[in-house]
Amino acid sequence: MLPSHDQSRVSREGFRLLAVHAHPDDESSKGAATMAGYVAAGAEVMVATCTGGERGDILNAAMNDDPRGKRDLPGLRRVEMANAAAELGIQQRWLGFTDSGLPEGDPLPDLPFGCFALQPLERAAAPLVKLVREFRPHVIISYDENGGYPHPDHIMAHRVAVEAFEAAADPARYPGTGEAWGTSKLYYDRAFNPERFRALHFALEEAGLQSPYAERLAQWLEADAEGHQPPVPVHPTTTQIDCGDYFGHRERALLAHRTQVDPEGFFFAVSVEMQQKVWPWEDYSLITSRVETQLPEDDFFTGITAGS
């Protein structure tokens, strides 16, 4: 278990954190408690939302009859995003691309013309490079090469985050987008960390409660012929942020995305109290650091000087 402490008890004034997400609601299901904790500690936290989520479905049955969702789902999702951002205390910026949708079928259909996932990399990354040079984050968080899960917009969000991390520091690249800024660290989010799901699954079973994670764990265990361990992650956890005190903020931010999140669904299968006891962290993998640090970490800003 990695050492950790509650970041809200340590001042992080002068530090800046940028999280890059594909759609509105991704910021609330991945790293939300971490962001709320750092905001409470005085850090500036920005979410860059690559698309407007225009092609999302209404996933909460209680919203099926809401006329706003049928008349103007993109507009409603912007309202939901604003409510979630207020709950977390974060700043938020739209990068202005169109949702690619999640293709289904065999064979898979072509992605829609002009969507985010089909943009040339430099065109897709340019608004994020501009934002990095303007906001000057010390740390950037995004998804791994698989997008956390293989949605085309998540994979593209990964690509533009890595491109912006590298390119924003080079004054010769992306002219006209501001003065070069070198972000100190790049992390990948591990919201779907198998170790976390295993711990919560067994805690539910020990409490005599039904676990919703059995099928997910079974899929992971297929990589092990003996069925003992989940597959070794491509990017193991290096950094755990103790943010259990902010799990309530995370739940309320998720619930703000009313069209996308079922209040009786997967995200709420384990009580806040049980999560705080069993797994009071959010997990990340440090991918690149331009400063000296020591692993494992319990703070994104280890090794970074505020204002640098």
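As the structure is a computational prediction, the values presented were derived from the model and not from experiment.

Enquirer: In this structure, what is going on with the layout of surface pockets? I would like to understand it.
Expert: Summary: where empty space remains is shown by rolling a probe the size of a single water molecule over the atoms. As a volume, the largest pocket reaches approximately 1200 Å³. Considering the residues around the largest pocket, the lining is formed by 45 residues, among which Lys-30, Gly-148, Tyr-149, His-154 and Phe-192 are closest to the centre. The set of elements that each furnish at least two residues to the lining of the largest pocket consists of α1 (26-29), β5 (185-189) and α8 (214-221). If you tally residues by element for the lining of the largest pocket, the top one is α8, at three residues. Looking at the lining of the largest pocket, its residues break down into 17 nonpolar, 14 polar and 14 charged.

Enquirer: Would you take a moment to explain the pairing of strand β4 (residues 139-142) for this structure?
Expert: If a strand is regular, its side chains alternate between the two faces of the sheet. Residues Val-139 and Ile-141 point to one face of β4 and Ile-140 and Ser-142 to the other, with burial holding for every one of them. Direction of pairing for strand β1 (residues 16-21) relative to β4: parallel, over a ladder of three bridges. If you follow Leu-18 over to β4, its bridge partner there is Ile-140. Read as a crossover between parallel neighbours, the route from β4 over helix α6 (residues 152-167) to β5 is right-handed.

Enquirer: Just to check I follow, could you spell out empty space enclosed by the protein for this structure?
Expert: Within this structure, the stated rule accounts for two cavities of 30 Å³ or more. Its boundaries defined by the atoms lining it, the largest cavity holds a volume of some 300 Å³. Taken together, 23 residues form the lining of the largest cavity, with Ser-29, Ala-191, Arg-196, Arg-250 and Phe-267 sitting closest to its centre. Of all the elements in the fold, those that place two or more residues in the lining of the largest cavity are α7 (194-206), α9 (247-256) and β7 (281-289).

Enquirer: Please explain the packing of aromatic side chains as it appears in this structure.
Expert: In this description, a pair of aromatic rings is defined by centroid distance and the angle of the planes. For the structure shown, the criterion picks out nine aromatic pairs. With a centroid separation of 5.6 Å and an interplanar angle of 20 degrees, the aromatic rings of Tyr-38 and Phe-300 are classed as stacked. Highlighted residues: Tyr-38 in helix α2 (residues 32-40) and Phe-300 in the segment after β7, separated in sequence by 262 residues. Judged by its relative accessible area of 0%, Phe-300 falls in the buried class. Taken together, a centroid distance of 5.2 Å and an interplanar angle of 80 degrees make the contact between Tyr-38 and Phe-301 edge-to-face. Here the residue Tyr-38 occupies a position in helix α2, and Phe-301 occupies one in the segment after β7, the gap between them amounting to 263 residues. With respect to class, Tyr-38 is no different from Phe-301; both count as buried. Aromatic rings pair up to connect Phe-15, Tyr-38, Tyr-187, Tyr-284, Phe-300 and Phe-301 into one cluster. Its end group placed over the ring of Trp-94, Arg-78 keeps NZ or CZ at 4.3 Å from the ring centre.

So, how was this worked out
Residues numbered from 1 in each chain as written. Predicted model: local features only at pLDDT ≥ 70, side-chain atom pairs only at ≥ 80, totals over all residues. Heavy atoms only, no water. 1 Å grid on protein atoms, 1.4 Å probe; cavity = no way out; pocket = protein on both sides within 12 Å on 5 of 7 lines; lining within 4 Å. Points joined across faces, edges and corners; volume = space filled by probe spheres on them. Helix = DSSP H or I, 4+ residues; strand = E, 2+ residues; numbered from the N terminus. Nonpolar A, V, L, I, M, F, W, Y, C, P; charged D, E, K, R; others polar. Buried < 20%, exposed > 50% of the residue type's maximum accessible area, 1.4 Å probe, protein only. Pairing = 2+ DSSP bridges. Right-handed = clockwise from strand over helix to strand, strands pointing away. Phe/Tyr/Trp six-rings, centres within 6.5 Å; stacked < 30°, edge-to-face > 60°. Lys NZ or Arg CZ within 6 Å of the ring centre and 35° of its normal.

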